[in-house]
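Listed below, chain by chain, are the residues.
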Amino acid sequence: MQKTLQVRKNQNWEEIFSAFLKLGLTSFGGPIAHLGYFRDELVIRRRWMSETAYADLVALCQFVPGPASSQVGFALGLSRGGFVGAMIAWAAFTLPSVLFLLVFAYSAFALGGPLGQGFIHGLKLVAVAVVAQAVWGMARNLCPDRVRASIAVGAVLMAVFLPTTLGQIGAIISGTICGLWFCKNLPLANAGHLSVRLPKTIAVFALLSFFILLIALPFIAATSSSQAVALFEAFYRAGALVFGGGHVVLPLLEASVVETGWVNADSFLAGYGVVQAVPGPLFTFAAYLGAVVAPEANGILGAIICLIAIFLPGMLLLAGVLPFWDDLRKIRGAQAGMAGANAAVVGILASALYDPVSTGAILAPPDFAVALAAFTLLIAWKVSPWKVVLLTALAGMGLSLL
């Protein structure tokens, strides 16, 4: 029996690694697009969890500081294969982007030609299709009635008129409140169970570790002459204090490494240009910065320090909250609140589909045609996302020659 369980566990870990490595190599378009890729590959195709549980998980990760898409991936790995599965999921999704950045960071300006710019533009267009697919599918499942459809539209309005992380968090909070009031009599299902193989004692330890590090690291860095400690403190603070992740963290990173003289402005902008063209989480920009900082520790060691430091706080918070999540969801009022929150998530995705995803990619009628073709391949023809990424990138290169 024990041998059978071990074989099954190893099979889960191999499945997690292969699934997230594929996603790490093909998930272009930023965190919103990543959520679409995750949904298509792991919820729709592999059925690792229900649509409702996935939407709940996305809503939870919007509240927790850190990179939302990486946190969702970490939780999916945790649900599928325990703590080891979570680490495998994070590593497989993150390391391809890290390697791409370390290889291509110093040749960012080589992407300045027409074909290079067309390639990047094609990646932006495929993000439009992926996010549209996510909005389409989630709206059908999570907004099936006029109450939840109205909550989603309200979330769109809030996200449009408050185009900041505060607006997104406010939309989810408002959606939760509306759900508590208007969804309490809806026939809500008990589906969406999220199996988390993490003891609650470990969860409490993770929460305590997050706050202890956040408070203690500035004092340790101030009294230490170690550049490695200073790097870890700066990137841990950036990861701990930023809601929404992604581009929101860039001003903090610039203040930490450019204003201190650790990285010159040209190198910072060159790395920022490269990170737009690689798949995976934008937080891997930290690995590039750690590699090019002027004082030691830098190089591979600096990349490892900064990468761990920026991801660690968000993962500690998520690990601290997840084991208590299902207990909360069993409460009737909590189900009503989550129904409203899930509808708000759909609205936030719809808002992001317009800005920044569509406005940053569709600049002319041919762009719209390519994005619509990619959407049709995903929805009607069920073509694998990585194939659509490749075809759309090639189409972007073709458009650059017109």
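The paragraphs below set out a description of the structure included in this document. (Residues numbered from 1 in each chain as written. Predicted model: local features only at pLDDT ≥ 70, side-chain atom pairs only at ≥ 80, totals over all residues. Heavy atoms only, no water.)

1. Comments concerning the packing of helix 5 (residues 114-142) against helix 17 (residues 385-400)
Now for step 1: At a minimum axis separation of 7 Å, helix 5 and helix 17 run at an interaxial angle of 135°. When the axis of helix 5 is compared with that of helix 17, the two are oblique. Where helix 5 crosses over helix 17, the handedness of that crossing is right-handed. When helix 5 is examined against helix 17, the residues Pro114, Leu115, Gly118, Phe119, Gly122, Leu123, Leu125 and Val126 are found in contact with a partner set consisting of Val388, Val389, Thr392, Ala393, Gly396, Met397, Leu399 and Ser400.
Now for step 2: Among the residues forming the contact of helix 5 with helix 17, the class breakdown is 11 nonpolar, five polar and no charged. (Axes fitted to C-alpha atoms, helices over the stretch in contact; angles between N-to-C directions. Helix = DSSP H or I, 4+ residues; strand = E, 2+ residues; numbered from the N terminus. Parallel < 35°, antiparallel > 145°, perpendicular 65-115°, else oblique. Left-handed = near helix turned anticlockwise from the far one by under 90°. Contact = heavy atoms within 4.5 Å. Nonpolar A, V, L, I, M, F, W, Y, C, P; charged D, E, K, R; others polar.)

2. What about the packing of aromatic side chains?
Now for step 1: Inspection of the entire model under this criterion finds nine aromatic pairs.
Now for step 2: Look at phenylalanine 20 and tryptophan 48: their rings are 6.2 Å apart centre to centre, the planes differ by 45°, and that puts the pair in the tilted class. Of this pair, phenylalanine 20 sits in helix 1 (residues 2-26) while tryptophan 48 is found in the loop between helix 2 (31-45) and helix 3 (51-63), placing the two residues 28 residues apart along the sequence. A single burial state applies to phenylalanine 20 and to tryptophan 48, both of which are buried.
Now for step 3: One residue, lysine 184, lies across the ring of tryptophan 181, its end atom 4.7 Å from the ring centre. (Phe/Tyr/Trp six-rings, centres within 6.5 Å; stacked < 30°, edge-to-face > 60°. Buried < 20%, exposed > 50% of the residue type's maximum accessible area, 1.4 Å probe, protein only. Lys NZ or Arg CZ within 6 Å of the ring centre and 35° of its normal.)

3. Thoughts on helix 16 (residues 365-379)
Now for step 1: Taking 1.5 Å per residue, 15 residues should reach 21 Å; helix 16 reaches 21 Å between its end C-alpha atoms and fits that length.
Now for step 2: Every buried residue of helix 16 is listed here: Asp367, Val370, Ala371, Ala374 and Leu378. Angularly, the buried residues of helix 16 cover 95° about the axis, an arc narrow enough to put them on a single face. (Expected span 1.5 Å × (residues − 1). Arc of directions from axis to C-beta.)

4. Regarding the pattern of salt bridges
Now for step 1: According to the stated counting rule, one finds eight salt bridges in the structure shown.
Now for step 2: Between aspartate 145 and arginine 148 there is a salt bridge, and its shortest N-O distance comes to 2.5 Å.
Now for step 3: According to the relative accessible area criterion, aspartate 145 is partly exposed, its value standing at 21%.
Now for step 4: On the basis of relative accessibility, which here comes to 14%, the residue arginine 148 falls in the buried class.
Now for step 5: Linking glutamate 233 and arginine 237 is a salt bridge whose minimum nitrogen-to-oxygen distance equals 2.9 Å. With a gap of four residues between them, glutamate 233 and arginine 237 both fall in helix 9 (residues 227-241), about one helical turn apart.
Now for step 6: A residue is classified by how much of its surface remains accessible, and arginine 237, at 33% relative accessible area, is partly exposed.
Now for step 7: One network of salt bridges, with partners in common, ties together Glu15, Lys22, Glu41, Arg46 and Arg80. (Salt bridge = Lys/Arg side-chain N within 4 Å of Asp/Glu carboxyl O.)

5. Regarding unusual backbone geometry
The phi torsion of most residues other than glycine is negative, and most of the peptide bonds are trans.
Now for step 1: Of note in this structure, arginine 47 is not a glycine but carries a positive phi near 55°.
Now for step 2: Tracing the backbone through its elements, the reader meets arginine 47 in the loop between helix 2 and helix 3.
Now for step 3: Here lysine 382, not a glycine, exhibits a phi torsion of approximately 55°, which is positive.
Now for step 4: Note that lysine 382 resides in the loop between helix 16 and helix 17.

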